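The primary structure of each chain is shown beneath.
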Amino acid sequence: MTIRPASAEHGIWFKRTDILLGDTLVPARWDAVEVTPLCTRIVNGAGVSVSTIEHVMAALSGCGVHNALIELDGPEVPIMDGSAAPFVRAILERGTRALRAPVYAIEILKPVSVLTDKGWASLSPARSGNGLTMDFHIAFEDDAIGTQERSLDLANGAFVRELCDSRTFCRQSDVDAMQANGLALGGTYENAVVVDGDKVLSPGGLRHDDEAVRHKMLDALGDLYTAGAPIIGHYEGHK
């Protein structure tokens, strides 16, 4: 996968280099998102898709990249170590360039919420400043995760410092079930935090005591970036 520069007002697009005919460009935008479990997937009008975009989208958002063309030779963004840190390091090493154009943002003017049988999420007007703040609460039966909550103002590089290295997590029973059905065959203890009850099975344990909720915040930031612009407001996620 290669992240390439793009012109002002280009936005974030993916290009499937393994497909030689037809429309191979997929916009990383809310109206291209297809509802799927366990990851964020985008699809264009020709049916070309890209899965698991949330970590690289979070990296782009957290590093202030508003325009990019992401080329990849398969249907899924590489999982790397299960976090956004490898993408963040690469972006910071190569640097970014300011363009001679205004940056558009989406300001939340009134509350909006989504409720499911398992939890809810909401956006409301900014509590302070001209950026994005976030509250997140999770609750899992596994004692290794349990109940966690965190609040963060995502201004001034907070994503890079506080969230980007937090990895995706799952239960050992979920891994066994997926692999029995031919899924997640490339999954290892090196690209996710795997828990079993009160035990963390991944070598080295956790990077943060509350790594799970930090990763959920990372995912949320990446998903919110499919709005097509930075958001000025407050996000709250519950379970």
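Residues numbered from 1 in each chain as written. Predicted model: local features only at pLDDT ≥ 70, side-chain atom pairs only at ≥ 80, totals over all residues. Heavy atoms only, no water.

(A) Inspection of helix 1 (residues 54–62) at higher detail. Burial within helix 1 is extensive, with 7 of its 9 residues counted as buried. Of the positions making up helix 1, those classed as buried are Glu54, His55, Val56, Met57, Ala58, Ala59 and Leu60. Elements that come into contact with the buried residues of helix 1 comprise strand 1 (2–5), strand 2 (12–16), strand 7 (68–72), helix 2 (85–94), helix 3 (158–163) and helix 5 (211–224). Looking one or two residues past helix 1, Gly64 carries a phi angle of roughly 75 degrees, positive in sign. (Buried < 20%, exposed > 50% of the residue type's maximum accessible area, 1.4 Å probe, protein only. Helix = DSSP H or I, 4+ residues; strand = E, 2+ residues; numbered from the N terminus. Contact = heavy atoms within 4.5 Å.)

(B) Geometry of the nonpolar core. Core analysis: the biggest nonpolar cluster contains 52 residues, and Phe14, Met134 and Phe159 have the highest contact counts within it. The residues touching Phe159, leaving out its near neighbours within four places in the chain, are Ala58, Ala59, Gly62, Ala84, Val88, Leu154, Cys164, Leu218 and Leu221. (Core = buried A, V, L, I, M, F, W, Y, C linked by side-chain atoms within 4.5 Å.)

(C) Empty space enclosed by the protein, seen in detail. Tallied over the entire structure, the rule returns 1 cavity of 30 Å³ or more. Empty space within the largest cavity amounts to approximately 70 Å³. In this structure, the largest cavity is lined by Ala144, Ile145, Gln148, Phe169, Val193, Val195, Leu206, Asp209, Glu211 and Ala212. Those elements that provide at least two residues to the lining of the largest cavity are strand 14 (193–196) and helix 5. Among the residues making up the lining of the largest cavity, the classes are represented as 7 nonpolar, 1 polar and 2 charged. (1 Å grid on protein atoms, 1.4 Å probe; cavity = no way out; pocket = protein on both sides within 12 Å on 5 of 7 lines; lining within 4 Å. Points joined across faces, edges and corners; volume = space filled by probe spheres on them. Nonpolar A, V, L, I, M, F, W, Y, C, P; charged D, E, K, R; others polar.)

(D) Inspection of the packing of aromatic side chains at higher detail. One pass over the full model with this rule turns up 2 aromatic pairs. An angle of 40 degrees between the planes, with centres 6.1 Å apart, marks the rings of Phe136 and Tyr235 as tilted. One end of the pair, Phe136, is in strand 11 (residues 132–139); the other, Tyr235, is in strand 16 (residues 231–238), and 99 residues separate them in sequence. The same class applies to Phe136 and to Tyr235, which are both buried. (Phe/Tyr/Trp six-rings, centres within 6.5 Å; stacked < 30°, edge-to-face > 60°.)

(E) Highlighting helix 2. Residues of helix 2 that are buried include every one of Ala85, Pro86, Phe87, Val88 and Ile91, and no others. The positive-phi residue at the C-terminal boundary of helix 2 is Gly95, with phi of around 85 degrees.

(F) Quick peek at the sheet that holds strand 4 (residues 33–34). Ordered by their spatial adjacency, 3 strands build an open sheet running 4-5-6, and the pairing between neighbours is antiparallel. Sheet topology places strand 4 and strand 6 (49–51) at the edges, where each strand pairs with a single neighbour. Judged from the 3 bridges that link them, strand 5 (residues 41–43) and strand 6 form a sheet pairing that is antiparallel. Paired with Val43 across the strands is Ser49, a residue of strand 6. (Pairing = 2+ DSSP bridges.)

(G) How the structure looks around the environment of Arg100. Mapped onto the fold, Arg100 is located in the loop between helix 2 and strand 8 (106–107). The exposure class assigned to Arg100 is exposed, which follows from its relative accessible area of 89%. For Arg100 and Ser7, which are 93 residues apart along the polypeptide, the C-alpha to C-alpha distance reads 9.7 Å.

(H) Region of the structure containing the environment of Ile19. You can see Ile19 is positioned in the loop between strand 2 and strand 3 (25–27). As for Ile19 and Asp209, which are separated by 190 residues in sequence, their C-alpha atoms are 42 Å apart. Not counting residues up to four positions away in its chain, the partners in contact with Ile19 are Thr24 and Val48.

By themselves, these figures tell us nothing about what the structure is for.
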